[in-house]
Amino acid sequence: AGTIEGLFYLEASGKNAQQINFPGGGSLFQKNNYITDISLDSSGALWITNFTGLWKYLPEEKKFEKIVDAESIGPSFFTHLLVGSSGKIWLGTFGKGLKSYDPLKKELQSFGTNQNIPALAEEKDKDGKNELWIGDQFFIFDLLHQSFLRLTPPADFPKNLVVRNVYISRDNWLWLC
């Protein structure tokens, strides 16, 4: 579990819990301890975003590795992450658009510059193409053509909706909360 006090490991039975300390972590609300999102990749590595950047945690080795420093993207932080089906790490930012990190090439790529990206979800469309849904702005990011498409919500849709999470159901409904 990622929390404002750091990272915690809980056994499914609920009997055992352990706090995992970040390098440089410490007191409550310290930048290293304020986790904004976590996700597992297919190898079992845990990807973590906090106010200082993107981290990779290897549970077997109990080792943290800082992958991207938040200062490298300007005055911002990562708001959301998604491990894509391709293995790329997709990162939403506060005011610096969408980023992707390729763990194999060790490259960070930027898409857009001024958007707040608080929510991400991925799906395969009927043609097998991957689409990345981005919350807050009602954009679809087309991974195949690497371009943004804007959705037009129905006229009776709330005008000032702030999207914090996006989920895609098995029957292809897009759930926003």
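Overview of the structure. Just so it is clear, the model here is predicted, and its values are computed rather than measured.

1. Concerning the sheet that holds strand β9 (residues 89-93)
Strands sit in the order β8-β9-β10-β11 across an open sheet of 4 strands; the sheet is antiparallel. Strands with a single pairing partner mark the edges of an open sheet, and in this sheet they are β8 (78-83) and β11 (107-111). Across this sheet, the average inter-strand angle for adjacent strands is 20°, counted without regard to direction. Looking at chain direction, β8 and β9 are connected through 5 bridges and run antiparallel. Looking across to β9, one finds that V83 is bridged to I89.

2. A short note on the pairing of β9
Regular strands place their side chains on alternate faces of the sheet. β9 sits mainly inside the fold: 5 of its 5 residues count as buried. Turn length for the β8-β9 hairpin, with the two strands adjacent in sequence and antiparallel, is 5 residues, and the turn residue G87 shows positive phi of about 100°. What sits between β9 and strand β10 (residues 98-102) in their antiparallel hairpin is a turn of 4 residues, with G95 showing a positive phi close to 80°.

3. A closer look at the environment of V83
Residue position: V83 is located in strand β8. Here V83 is in contact with S39, L40, D41, W47, K88 and I89, once residues within four sequence places are set aside.

4. Comments concerning the environment of Q18
Position of Q18 among the secondary structure elements: in strand β3 (residues 17-20). Q18 gets classed as partly exposed once you look at its relative accessible area, which sits at 41%. The spacing of Q18 and F8 is 10 residues in sequence and 5.6 Å in space, taken between C-alpha atoms. Ignoring sequence-local partners within four residues, the contact set of Q18 consists of L7, F8 and Y9.

5. A look at the pairing of strand β7 (residues 63-69)
In this structure, strand β6 (residues 53-58) lies alongside β7, joined through 6 bridges in antiparallel fashion. Of the residues in β7, the one forming a bridge with G53 is D69. As consecutive antiparallel partners, β6 and β7 are separated by 4 residues, and within that stretch K62 has a phi angle of approximately 50°, a positive value.

6. Let's talk about the layout of surface pockets
Approximately 330 Å³ is the volume attributed to the largest pocket. Forming the walls of the largest pocket are 14 residues, and the residues nearest its centre are Y9, I20, L46, Y57 and P59. Counting only elements with at least two residues in the lining of the largest pocket, the list comes to β2 (6-10), β3 and β4 (35-40). Broken down by element, the residue count for the lining of the largest pocket peaks at 4 residues, all from β2.

7. Remarks on the side chain of S39
Residue placement: S39 occurs in strand β4. Look past the residues within four positions of S39 in its chain and what remains in contact with it is A45, L46, W47, L81 and V83.

8. Examining the side chain of S100
Inspection of the secondary structure assignment puts S100 in strand β10. Apart from the residues within four sequence positions on either side, S100 is in contact with K88, I89, W90, E107, L108, Q109 and F111.

Each value, and the rule that gives it
Residues numbered from 1 in each chain as written. Predicted model: local features only at pLDDT ≥ 70, side-chain atom pairs only at ≥ 80, totals over all residues. Heavy atoms only, no water. Pairing = 2+ DSSP bridges. Helix = DSSP H or I, 4+ residues; strand = E, 2+ residues; numbered from the N terminus. Axes fitted to C-alpha atoms, helices over the stretch in contact; angles between N-to-C directions. Buried < 20%, exposed > 50% of the residue type's maximum accessible area, 1.4 Å probe, protein only. Contact = heavy atoms within 4.5 Å. 1 Å grid on protein atoms, 1.4 Å probe; cavity = no way out; pocket = protein on both sides within 12 Å on 5 of 7 lines; lining within 4 Å. Points joined across faces, edges and corners; volume = space filled by probe spheres on them.

Read these as spatial facts, not as claims about activity.
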